[in-house]
Amino acid sequence: MMKKSLGAALAMLPLWAGAVLAAESKYNLQPPKSVIAQEIYSLHTIIMLICAVIFVGVFSVMFYSVFKHRKSLGYKAAHFHENTVVEVVWTIIPFLILMGMAYPATKTVIAMKDTSNPDLTIKATGYQWKWGYEYIKGDGDLAGVGDGIQLYSNLATPRDQIYDKNVAKSPDYLLEVDTPLVVPVGKKVRILTTANDVIHAWWVPAFGVKQDAIPGFIRDTWFRADTTGTFRGQCAELCGKEHGFMPIVVKVVSVEEFKTWADQNKTKVAAAPAETVVDAAPAAPVQVAAAEPAKAGKVDGKKVYDGLCAACHATGAAGAPKTADKAAWKPRIAQGADTLHQHAIKGIRAMPAKGGNPALSDAEVTAAVDHMVGQSK
Ligand code: HEC
Ligand SMILES: [Cu+2]
(Lines give C-alpha, C1' and ligand atoms only; values in the text may rest on other atoms or scores of the structure.)
(Ligands and ions follow the chains in the order given, each with its own letter.)
Protein backbone atom coordinates (compact mmCIF):
# COMPACT_ATOMS: atom_id res chain seq x y z
CA MET A 1 0.00 0.00 0.00
CA MET A 2 2.62 2.43 1.21
CA LYS A 3 4.89 1.39 -1.63
CA LYS A 4 2.20 1.87 -4.20
CA SER A 5 1.25 5.40 -3.19
CA LEU A 6 4.90 6.45 -2.99
CA GLY A 7 5.47 5.08 -6.47
CA ALA A 8 2.39 6.87 -7.74
CA ALA A 9 3.53 10.12 -6.16
CA LEU A 10 6.98 9.76 -7.75
CA ALA A 11 5.45 9.01 -11.12
CA MET A 12 3.29 12.12 -10.82
CA LEU A 13 6.25 14.36 -10.02
CA PRO A 14 7.22 15.31 -13.58
CA LEU A 15 3.56 15.89 -14.47
CA TRP A 16 3.06 18.08 -11.48
CA ALA A 17 6.28 20.04 -12.13
CA GLY A 18 5.24 20.49 -15.74
CA ALA A 19 1.85 21.81 -14.74
CA VAL A 20 3.40 24.29 -12.34
CA LEU A 21 5.81 25.51 -15.00
CA ALA A 22 3.19 25.67 -17.73
CA ALA A 23 0.66 27.67 -15.76
CA GLU A 24 2.02 31.15 -15.31
CA SER A 25 1.47 30.58 -11.67
CA LYS A 26 2.78 32.69 -8.89
CA TYR A 27 5.41 30.04 -8.24
CA ASN A 28 7.07 30.46 -11.59
CA LEU A 29 9.23 33.27 -12.97
CA GLN A 30 7.38 36.24 -14.38
CA PRO A 31 6.37 35.94 -18.05
CA PRO A 32 9.47 37.06 -19.99
CA LYS A 33 9.15 40.28 -22.00
CA SER A 34 12.60 40.61 -23.50
CA VAL A 35 15.02 38.32 -25.36
CA ILE A 36 17.25 37.97 -22.33
CA ALA A 37 14.34 37.29 -20.00
CA GLN A 38 13.15 34.62 -22.45
CA GLU A 39 16.59 33.00 -22.44
CA ILE A 40 16.76 33.08 -18.66
CA TYR A 41 13.30 31.56 -18.51
CA SER A 42 14.18 28.70 -20.88
CA LEU A 43 17.49 28.04 -19.12
CA HIS A 44 15.73 27.91 -15.80
CA THR A 45 13.10 25.48 -17.09
CA ILE A 46 15.57 23.20 -18.86
CA ILE A 47 18.08 23.06 -16.04
CA MET A 48 15.33 22.40 -13.52
CA LEU A 49 14.16 19.50 -15.69
CA ILE A 50 17.67 18.10 -16.03
CA CYS A 51 18.07 18.32 -12.25
CA ALA A 52 14.70 16.62 -11.72
CA VAL A 53 15.61 13.76 -14.08
CA ILE A 54 19.00 13.27 -12.37
CA PHE A 55 17.36 13.41 -8.98
CA VAL A 56 14.76 10.79 -9.85
CA GLY A 57 17.35 8.61 -11.66
CA VAL A 58 19.97 8.62 -8.92
CA PHE A 59 17.52 8.15 -6.08
CA SER A 60 15.64 5.35 -7.88
CA VAL A 61 18.85 3.36 -8.39
CA MET A 62 19.97 4.06 -4.85
CA PHE A 63 16.73 3.03 -3.17
CA TYR A 64 16.33 0.04 -5.45
CA SER A 65 19.81 -1.18 -4.49
CA VAL A 66 19.26 -0.55 -0.81
CA PHE A 67 15.97 -2.45 -0.71
CA LYS A 68 16.75 -5.31 -3.06
CA HIS A 69 20.24 -6.01 -1.89
CA ARG A 70 19.87 -5.68 1.83
CA LYS A 71 21.54 -8.02 4.26
CA SER A 72 18.28 -9.31 5.73
CA LEU A 73 17.46 -10.81 2.32
CA GLY A 74 20.76 -12.65 2.53
CA TYR A 75 22.38 -10.64 -0.21
CA LYS A 76 26.14 -10.98 -0.36
CA ALA A 77 27.97 -7.77 -1.23
CA ALA A 78 30.48 -7.89 -4.09
CA HIS A 79 34.06 -7.17 -3.02
CA PHE A 80 36.07 -5.24 -5.58
CA HIS A 81 38.26 -2.17 -5.79
CA GLU A 82 39.15 0.17 -8.62
CA ASN A 83 36.93 -0.45 -11.55
CA THR A 84 38.35 1.75 -14.28
CA VAL A 85 35.31 1.55 -16.51
CA VAL A 86 32.95 2.69 -13.75
CA GLU A 87 35.27 5.53 -12.72
CA VAL A 88 35.65 6.82 -16.25
CA VAL A 89 31.92 6.66 -16.85
CA TRP A 90 31.00 8.52 -13.69
CA THR A 91 33.51 11.24 -14.50
CA ILE A 92 32.65 11.68 -18.15
CA ILE A 93 28.86 11.72 -17.79
CA PRO A 94 28.68 14.53 -15.20
CA PHE A 95 31.31 16.43 -17.18
CA LEU A 96 29.16 16.25 -20.29
CA ILE A 97 26.05 17.26 -18.36
CA LEU A 98 27.86 20.26 -16.85
CA MET A 99 29.22 21.33 -20.22
CA GLY A 100 25.76 20.99 -21.71
CA MET A 101 24.41 23.37 -19.07
CA ALA A 102 27.38 25.77 -18.98
CA TYR A 103 27.44 26.45 -22.70
CA PRO A 104 23.97 28.01 -23.11
CA ALA A 105 24.22 29.69 -19.69
CA THR A 106 27.52 31.37 -20.58
CA LYS A 107 26.13 32.47 -23.92
CA THR A 108 23.24 34.19 -22.15
CA VAL A 109 25.49 35.83 -19.55
CA ILE A 110 27.68 37.23 -22.33
CA ALA A 111 24.61 38.55 -24.16
CA MET A 112 23.42 40.18 -20.93
CA LYS A 113 26.68 42.09 -20.64
CA ASP A 114 26.63 43.35 -24.21
CA THR A 115 25.48 46.92 -23.73
CA SER A 116 26.93 48.15 -27.04
CA ASN A 117 24.94 50.26 -29.52
CA PRO A 118 22.02 51.28 -27.33
CA ASP A 119 19.14 53.34 -28.74
CA LEU A 120 18.65 55.07 -25.43
CA THR A 121 20.87 55.48 -22.37
CA ILE A 122 19.33 56.20 -18.99
CA LYS A 123 21.09 56.62 -15.67
CA ALA A 124 19.31 55.09 -12.68
CA THR A 125 20.46 56.36 -9.30
CA GLY A 126 19.47 54.59 -6.10
CA TYR A 127 18.67 56.75 -3.10
CA GLN A 128 17.48 55.81 0.35
CA TRP A 129 14.65 55.26 -0.65
CA LYS A 130 13.67 56.02 -4.19
CA TRP A 131 15.03 55.89 -7.71
CA GLY A 132 16.19 58.88 -9.72
CA TYR A 133 16.38 58.67 -13.51
CA GLU A 134 18.22 60.80 -15.99
CA TYR A 135 17.80 60.38 -19.75
CA ILE A 136 21.38 60.74 -20.89
CA LYS A 137 21.37 60.12 -24.60
CA GLY A 138 19.17 58.89 -27.45
CA ASP A 139 20.78 57.39 -30.55
CA GLY A 140 19.72 56.55 -34.10
CA ASP A 141 16.14 57.67 -34.68
CA LEU A 142 15.98 58.57 -30.99
CA ALA A 143 18.92 60.97 -31.33
CA GLY A 144 18.33 63.86 -28.98
CA VAL A 145 14.91 62.59 -27.90
CA GLY A 146 14.48 63.04 -24.19
CA ASP A 147 18.10 63.96 -23.53
CA GLY A 148 18.38 65.69 -20.17
CA ILE A 149 15.02 64.70 -18.72
CA GLN A 150 15.30 63.93 -15.03
CA LEU A 151 12.71 62.41 -12.80
CA TYR A 152 12.27 60.78 -9.42
CA SER A 153 10.22 57.67 -8.80
CA ASN A 154 8.74 57.64 -5.32
CA LEU A 155 6.62 54.96 -3.74
CA ALA A 156 2.96 55.89 -4.34
CA THR A 157 1.35 53.45 -1.90
CA PRO A 158 -0.15 55.53 0.90
CA ARG A 159 1.42 54.92 4.30
CA ASP A 160 -1.87 53.98 5.90
CA GLN A 161 -2.07 50.89 3.65
CA ILE A 162 1.31 49.88 5.02
CA TYR A 163 0.77 50.53 8.70
CA ASP A 164 -3.00 50.19 9.15
CA LYS A 165 -4.28 46.61 8.87
CA ASN A 166 -7.82 47.83 8.34
CA VAL A 167 -7.05 49.74 5.17
CA ALA A 168 -7.53 47.74 1.97
CA LYS A 169 -4.36 47.28 -0.07
CA SER A 170 -4.18 48.43 -3.67
CA PRO A 171 -3.57 45.73 -6.35
CA ASP A 172 -0.05 47.00 -6.93
CA TYR A 173 0.66 47.40 -3.24
CA LEU A 174 4.30 48.54 -2.77
CA LEU A 175 4.88 48.14 -6.51
CA GLU A 176 3.50 51.52 -7.57
CA VAL A 177 5.28 54.84 -8.02
CA ASP A 178 4.24 58.41 -8.66
CA THR A 179 6.43 58.85 -11.75
CA PRO A 180 7.32 55.72 -13.74
CA LEU A 181 10.28 55.37 -16.04
CA VAL A 182 9.02 55.68 -19.63
CA VAL A 183 10.82 53.83 -22.45
CA PRO A 184 10.03 52.99 -26.09
CA VAL A 185 9.13 49.45 -27.13
CA GLY A 186 11.57 47.46 -29.29
CA LYS A 187 14.51 49.78 -28.58
CA LYS A 188 17.70 48.80 -26.83
CA VAL A 189 17.70 50.67 -23.55
CA ARG A 190 20.98 50.82 -21.69
CA ILE A 191 20.64 51.45 -17.98
CA LEU A 192 23.61 52.87 -16.11
CA THR A 193 23.25 52.17 -12.43
CA THR A 194 24.82 54.01 -9.54
CA ALA A 195 23.78 55.09 -6.07
CA ASN A 196 23.92 58.10 -3.86
CA ASP A 197 24.24 56.55 -0.43
CA VAL A 198 24.39 52.76 -0.06
CA ILE A 199 24.26 49.86 -2.50
CA HIS A 200 20.89 49.35 -4.19
CA ALA A 201 20.03 47.12 -7.16
CA TRP A 202 17.86 47.82 -10.16
CA TRP A 203 15.73 44.77 -10.84
CA VAL A 204 12.94 44.28 -13.36
CA PRO A 205 12.26 40.54 -13.67
CA ALA A 206 10.13 40.73 -16.84
CA PHE A 207 13.16 42.15 -18.70
CA GLY A 208 15.68 39.80 -17.10
CA VAL A 209 17.56 42.76 -15.69
CA LYS A 210 19.19 42.92 -12.27
CA GLN A 211 22.18 45.17 -11.66
CA ASP A 212 23.72 46.48 -8.47
CA ALA A 213 23.77 50.26 -8.07
CA ILE A 214 26.96 51.09 -6.18
CA PRO A 215 27.92 54.53 -4.83
CA GLY A 216 30.94 55.90 -6.70
CA PHE A 217 30.72 53.32 -9.48
CA ILE A 218 28.78 53.08 -12.71
CA ARG A 219 27.58 49.66 -13.79
CA ASP A 220 25.44 48.99 -16.82
CA THR A 221 22.87 46.60 -18.12
CA TRP A 222 20.32 46.63 -20.92
CA PHE A 223 16.95 45.44 -22.12
CA ARG A 224 14.78 45.66 -25.19
CA ALA A 225 11.11 45.41 -24.25
CA ASP A 226 9.09 43.14 -26.55
CA THR A 227 5.69 44.62 -25.79
CA THR A 228 4.17 47.79 -24.47
CA GLY A 229 2.76 47.75 -20.97
CA THR A 230 3.70 48.46 -17.39
CA PHE A 231 6.35 46.32 -15.75
CA ARG A 232 7.27 46.31 -12.13
CA GLY A 233 10.37 45.54 -10.13
CA GLN A 234 12.04 46.37 -6.88
CA CYS A 235 15.31 47.32 -5.32
CA ALA A 236 17.08 43.99 -4.91
CA GLU A 237 19.85 44.89 -2.47
CA LEU A 238 19.05 45.30 1.19
CA CYS A 239 19.58 49.04 1.56
CA GLY A 240 18.08 50.03 4.87
CA LYS A 241 14.77 50.20 6.63
CA GLU A 242 12.71 51.21 3.58
CA HIS A 243 14.36 48.81 1.17
CA GLY A 244 10.92 47.39 0.40
CA PHE A 245 9.55 50.84 -0.34
CA MET A 246 11.52 51.78 -3.47
CA PRO A 247 9.80 49.93 -6.30
CA ILE A 248 10.64 50.30 -9.97
CA VAL A 249 7.90 50.85 -12.53
CA VAL A 250 8.74 50.87 -16.24
CA LYS A 251 6.09 52.04 -18.67
CA VAL A 252 6.83 50.74 -22.16
CA VAL A 253 5.12 52.81 -24.87
CA SER A 254 5.28 52.99 -28.66
CA VAL A 255 8.16 54.96 -30.14
CA GLU A 256 5.71 57.69 -31.21
CA GLU A 257 4.24 57.98 -27.74
CA PHE A 258 7.72 58.06 -26.29
CA LYS A 259 8.69 60.96 -28.53
CA THR A 260 5.57 62.88 -27.52
CA TRP A 261 6.21 62.18 -23.87
CA ALA A 262 9.83 63.30 -24.23
CA ASP A 263 8.79 66.48 -26.02
CA GLN A 264 6.28 67.39 -23.36
CA ASN A 265 8.69 66.78 -20.57
CA LYS A 266 11.54 68.54 -22.26
CA THR A 267 9.48 71.66 -22.89
CA LYS A 268 8.71 71.73 -19.23
CA VAL A 269 12.35 71.43 -18.27
CA ALA A 270 13.20 74.24 -20.64
CA ALA A 271 10.27 76.36 -19.50
CA ALA A 272 10.99 75.82 -15.84
CA PRO A 273 13.25 78.85 -15.33
CA ALA A 274 10.34 81.06 -16.48
CA GLU A 275 7.47 81.94 -14.18
CA THR A 276 5.87 78.82 -12.78
CA VAL A 277 5.36 75.20 -13.56
CA VAL A 278 1.59 74.98 -13.35
CA ASP A 279 1.42 71.24 -13.50
CA ALA A 280 1.90 69.90 -10.01
CA ALA A 281 -0.56 67.02 -10.41
CA PRO A 282 0.83 63.90 -8.77
CA ALA A 283 0.54 61.79 -11.91
CA ALA A 284 2.63 64.17 -13.99
CA PRO A 285 6.33 63.50 -14.33
CA VAL A 286 8.36 65.42 -11.83
CA GLN A 287 10.84 67.75 -13.33
CA VAL A 288 13.85 68.67 -11.38
CA ALA A 289 15.15 72.02 -12.30
CA ALA A 290 18.40 70.96 -10.69
CA ALA A 291 20.44 71.03 -13.85
CA GLU A 292 20.17 74.82 -13.82
CA PRO A 293 22.59 76.25 -11.33
CA ALA A 294 20.91 78.48 -8.78
CA LYS A 295 20.42 81.92 -10.24
CA ALA A 296 21.81 84.73 -8.17
CA GLY A 297 19.23 87.05 -6.68
CA LYS A 298 15.64 86.22 -5.87
CA VAL A 299 14.86 82.57 -5.30
CA ASP A 300 11.44 81.37 -6.35
CA GLY A 301 10.22 79.07 -3.56
CA LYS A 302 7.11 78.08 -5.46
CA LYS A 303 9.16 76.98 -8.43
CA VAL A 304 11.38 74.77 -6.31
CA TYR A 305 8.33 73.43 -4.51
CA ASP A 306 6.46 72.62 -7.74
CA GLY A 307 9.51 71.11 -9.34
CA LEU A 308 10.48 68.76 -6.51
CA CYS A 309 8.80 69.00 -3.13
CA ALA A 310 5.28 68.69 -4.59
CA ALA A 311 6.12 65.15 -5.66
CA CYS A 312 5.66 64.05 -2.08
CA HIS A 313 4.05 66.97 -0.33
CA ALA A 314 1.21 67.72 -2.77
CA THR A 315 -0.34 64.30 -2.28
CA GLY A 316 1.14 63.22 1.01
CA ALA A 317 3.01 60.45 -0.81
CA ALA A 318 5.62 58.49 1.09
CA GLY A 319 4.26 59.75 4.41
CA ALA A 320 5.00 63.41 3.77
CA PRO A 321 2.77 65.96 5.51
CA LYS A 322 0.38 67.15 2.82
CA THR A 323 0.63 70.77 1.82
CA ALA A 324 -2.37 72.80 3.04
CA ASP A 325 -3.27 70.09 5.55
CA LYS A 326 -3.34 72.48 8.49
CA ALA A 327 -3.66 69.79 11.16
CA ALA A 328 -0.59 67.95 9.86
CA TRP A 329 1.45 71.13 9.69
CA LYS A 330 0.46 72.75 12.97
CA PRO A 331 2.84 70.78 15.23
CA ARG A 332 5.59 71.05 12.64
CA ILE A 333 5.23 74.80 12.24
CA ALA A 334 5.33 75.05 16.01
CA GLN A 335 8.96 73.88 15.87
CA GLY A 336 9.89 77.24 14.43
CA ALA A 337 11.00 78.30 10.98
CA ASP A 338 14.70 77.68 11.63
CA THR A 339 14.12 74.06 12.64
CA LEU A 340 11.93 73.43 9.60
CA HIS A 341 14.58 74.94 7.32
CA GLN A 342 17.27 72.77 8.89
CA HIS A 343 15.12 69.64 8.64
CA ALA A 344 14.42 70.31 4.98
CA ILE A 345 18.11 70.97 4.23
CA LYS A 346 19.56 68.11 6.28
CA GLY A 347 16.62 65.70 5.98
CA ILE A 348 14.65 64.11 8.77
CA ARG A 349 13.37 60.52 8.90
CA ALA A 350 11.67 59.83 5.53
CA MET A 351 12.20 63.42 4.40
CA PRO A 352 15.34 63.30 2.22
CA ALA A 353 17.94 66.06 2.56
CA LYS A 354 16.98 68.88 0.17
CA GLY A 355 14.09 66.74 -1.02
CA GLY A 356 16.64 64.35 -2.54
CA ASN A 357 18.32 66.86 -4.81
CA PRO A 358 21.72 67.85 -3.39
CA ALA A 359 22.15 70.33 -6.25
CA LEU A 360 19.65 72.71 -4.67
CA SER A 361 21.11 75.59 -2.68
CA ASP A 362 20.14 76.10 0.95
CA ALA A 363 18.36 79.30 -0.08
CA GLU A 364 16.23 77.45 -2.61
CA VAL A 365 15.21 74.83 -0.05
CA THR A 366 14.46 77.49 2.55
CA ALA A 367 12.32 79.40 0.08
CA ALA A 368 10.43 76.21 -0.79
CA VAL A 369 9.79 75.55 2.92
CA ASP A 370 8.46 79.07 3.37
CA HIS A 371 6.22 78.64 0.34
CA MET A 372 4.90 75.33 1.66
CA VAL A 373 4.39 76.64 5.19
CA GLY A 374 2.60 79.69 3.76
CA GLN A 375 0.14 77.35 2.05
CA SER A 376 -0.38 75.26 5.15
CA LYS A 377 -0.99 77.77 7.94
C1 HEC B 1 10.57 61.90 -1.20
C2 HEC B 1 9.47 62.62 -0.68
C3 HEC B 1 9.74 64.05 -0.23
C4 HEC B 1 10.20 65.10 -0.96
C5 HEC B 1 10.60 65.09 -2.44
C6 HEC B 1 10.21 66.23 -0.09
N7 HEC B 1 9.79 65.87 1.15
FE8 HEC B 1 9.63 67.07 2.76
N9 HEC B 1 9.00 65.52 3.88
C10 HEC B 1 8.85 64.24 3.43
C11 HEC B 1 8.43 63.39 4.52
C12 HEC B 1 8.16 61.90 4.43
C13 HEC B 1 8.33 64.21 5.65
C14 HEC B 1 7.95 63.81 7.05
C15 HEC B 1 9.19 63.45 7.81
C16 HEC B 1 8.84 63.05 9.22
O17 HEC B 1 8.48 63.91 9.99
O18 HEC B 1 8.97 61.86 9.50
C19 HEC B 1 8.69 65.55 5.21
C20 HEC B 1 8.71 66.65 6.03
C21 HEC B 1 9.07 67.91 5.63
C22 HEC B 1 9.10 69.05 6.48
C23 HEC B 1 8.75 69.09 7.93
C24 HEC B 1 9.95 68.75 8.74
C25 HEC B 1 9.65 68.72 10.21
O26 HEC B 1 10.53 69.07 11.00
O27 HEC B 1 8.53 68.31 10.61
C28 HEC B 1 9.50 70.12 5.71
C29 HEC B 1 9.69 71.54 6.16
C30 HEC B 1 9.72 69.61 4.39
N31 HEC B 1 9.45 68.27 4.36
C32 HEC B 1 10.16 70.40 3.35
C33 HEC B 1 10.40 69.89 2.06
C34 HEC B 1 10.92 70.69 0.99
C35 HEC B 1 11.23 72.18 1.09
C36 HEC B 1 11.03 69.89 -0.07
C37 HEC B 1 11.56 70.25 -1.46
C38 HEC B 1 12.85 70.83 -1.52
C39 HEC B 1 10.61 68.58 0.34
N40 HEC B 1 10.23 68.62 1.65
C41 HEC B 1 10.61 67.47 -0.49
C42 HEC B 1 9.04 63.78 2.16
C43 HEC B 1 9.49 64.54 1.11
CU1 LIG C 1 17.53 50.12 -2.33
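See the structure shown above.
Residues numbered from 1 in each chain as written. Chains lettered and ligands numbered in written order. Predicted model: local features only at pLDDT ≥ 70, side-chain atom pairs only at ≥ 80, totals over all residues.

Helix and strand counts for the protein come out as nine helices and 10 strands. When the 377 residues of the protein are sorted by exposure, 32% land in the buried category. Long-range contacts, defined as pairs at least 24 residues apart, comprise 65% of the intrachain contacts of the protein with a sequence gap of at least 6. (Helix = DSSP H or I, 4+ residues; strand = E, 2+ residues; numbered from the N terminus. Buried ≥ 20, exposed ≤ 12 C-beta atoms within 10 Å, placed from the backbone. Contact = placed C-beta atoms within 7 Å.)

Turning to helix H9 (residues 362-376), a few remarks are in order. Here H9 contains 15 residues, and its C-alpha end-to-end distance of 21 Å stays within 8% of the 21 Å for a straight helix at 1.5 Å per residue. Restricting attention to buried positions, one finds in H9 the residues Glu364, Val365, Thr366, Ala367, Ala368, Val369 and Met372. Of the surrounding elements, those touching the buried residues of H9 are helix H6 (301-313) and helix H8 (337-346). (Expected span 1.5 Å × (residues − 1).)

Turning next to the sheet that holds strand S9 (residues 229-235). With mixed pairing, five strands are arranged side by side in an open sheet as S4-S10-S9-S6-S7. Both edges of this open sheet fall to strand S4 (181-184) and strand S7 (209-213), since each of them pairs with a single strand only. When the angles between neighbouring strand axes are averaged without regard to direction, this sheet yields 25 degrees. Examined bridge by bridge, strand S6 (residues 200-204) and S7 share five bridges and lie antiparallel to one another. In the strand pairing of S7, tryptophan 203 is matched with lysine 210. (Pairing = 2+ DSSP bridges. Axes fitted to C-alpha atoms, helices over the stretch in contact; angles between N-to-C directions.)

Looking now at the packing of H6 against H9. Here H6 crosses H9 at 70 degrees, and the two axes come no closer than 8 Å. Classified by the angle their axes make, H6 and H9 are roughly perpendicular. Of H9, the residues touching H6 (which contributes Gly301, Lys302, Val304, Tyr305, Cys309 and His313) are Glu364, Ala367, Ala368, Asp370, His371 and Met372. Of the residues in the contact of H6 with H9, the class split is six nonpolar, three polar and three charged. (Parallel < 35°, antiparallel > 145°, perpendicular 65-115°, else oblique. Nonpolar A, V, L, I, M, F, W, Y, C, P; charged D, E, K, R; others polar.)

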